[in-house]
Amino acid sequence: DTATRESIALLESGRRTGYASDELGGAARIAAILYWIEDPQEALFAAVDQAQLTHRSAESLLVTDLFARTAVRLLQGEPGTIIDVLRSVRDERAAQLMKADPDDVLVQVGATIQYFDQALVNALACLDCSPRETAMRLGQSCHAAHALPIMLNILARALNYRESLRINSLIGGDSAARALLIGLLLGIRAKPNEIPEAWCEAWHARSLSAKL
């Protein structure tokens, strides 16, 4: 895709970071980082660092940072709904950004917490909307301006794992990247029987065929 192609060109020219894409391809990769790196702080650093390789924009890195921190807190057993934990992470990062630490990646790219705040306002305004209405009001593209409010909308509905991903698919557009991030947070909290067995069987069959 464009982000990968442009990032390769920039890295080959000597740049240490990639293309300033505001899509969520970099953010969508953080589940693997959190799985393999056990130390929370090291995992958070790596999650944002790898996203910079292809998506170094304020919007994309803000989503990466907030969702990775939320995932870590959920893994540590923080109580409350996922939206509650996201809001707590938001407050923490807002205070840190106010200090304007030059070593903070979000400061470096000019990210603002107000971007998240507006996305949440838009998301909550559509809680009672059908998937079609949600798509029409919030947008379906791969850009963070559309993807972030849709993800927050689905998470705020407090539905189970299967139903949340079903609604995400019905909304359409770039549902894949959204599903990776929604599924990350919901999957941490999901009970074993919430994830359809047929989905697990399909995944295992896919992994087996790939090895063959």
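Before reading further, recall that the structure is shown in the block above.
Residues numbered from 1 in each chain as written. Predicted model: local features only at pLDDT ≥ 70, side-chain atom pairs only at ≥ 80, totals over all residues. Heavy atoms only, no water.

(A) Main features of the pattern of salt bridges. According to the stated counting rule, one finds nine salt bridges in the structure shown. With its nearest N and O atoms 2.8 Å apart, the salt bridge here joins Asp 65 to Arg 93. Taken together, the residues span a long stretch of sequence, with Asp 65 in helix H4 (residues 58-75) and Arg 93 in helix H5 (residues 82-98) at a distance of 28 residues. Its relative accessible area of 6% is what places Asp 65 among the buried residues. (Salt bridge = Lys/Arg side-chain N within 4 Å of Asp/Glu carboxyl O. Helix = DSSP H or I, 4+ residues; strand = E, 2+ residues; numbered from the N terminus. Buried < 20%, exposed > 50% of the residue type's maximum accessible area, 1.4 Å probe, protein only.)

(B) Looking closely at the layout of surface pockets. Here the largest pocket is characterised by a volume of approximately 470 Å³. The wall of the largest pocket is formed by 13 residues, among which Ala 31, Tyr 161, Leu 180, Gly 183 and Trp 203 lie closest to the centre. A breakdown of the residues in the lining of the largest pocket according to their chemical character gives ten nonpolar, three polar and no charged. Around the second largest pocket sit 13 residues that line it, and Leu 44, Phe 45, Val 48, Arg 69 and Val 105 are the ones nearest its centre. The set of elements that each furnish at least two residues to the lining of the second largest pocket consists of helix H3 (40-52), H4 and helix H6 (105-108). Considering each element in turn, the lining of the second largest pocket owes the most residues, six residues, to H3. Among the residues forming the lining of the second largest pocket, the class breakdown is five nonpolar, two polar and six charged. (1 Å grid on protein atoms, 1.4 Å probe; cavity = no way out; pocket = protein on both sides within 12 Å on 5 of 7 lines; lining within 4 Å. Points joined across faces, edges and corners; volume = space filled by probe spheres on them. Nonpolar A, V, L, I, M, F, W, Y, C, P; charged D, E, K, R; others polar.)

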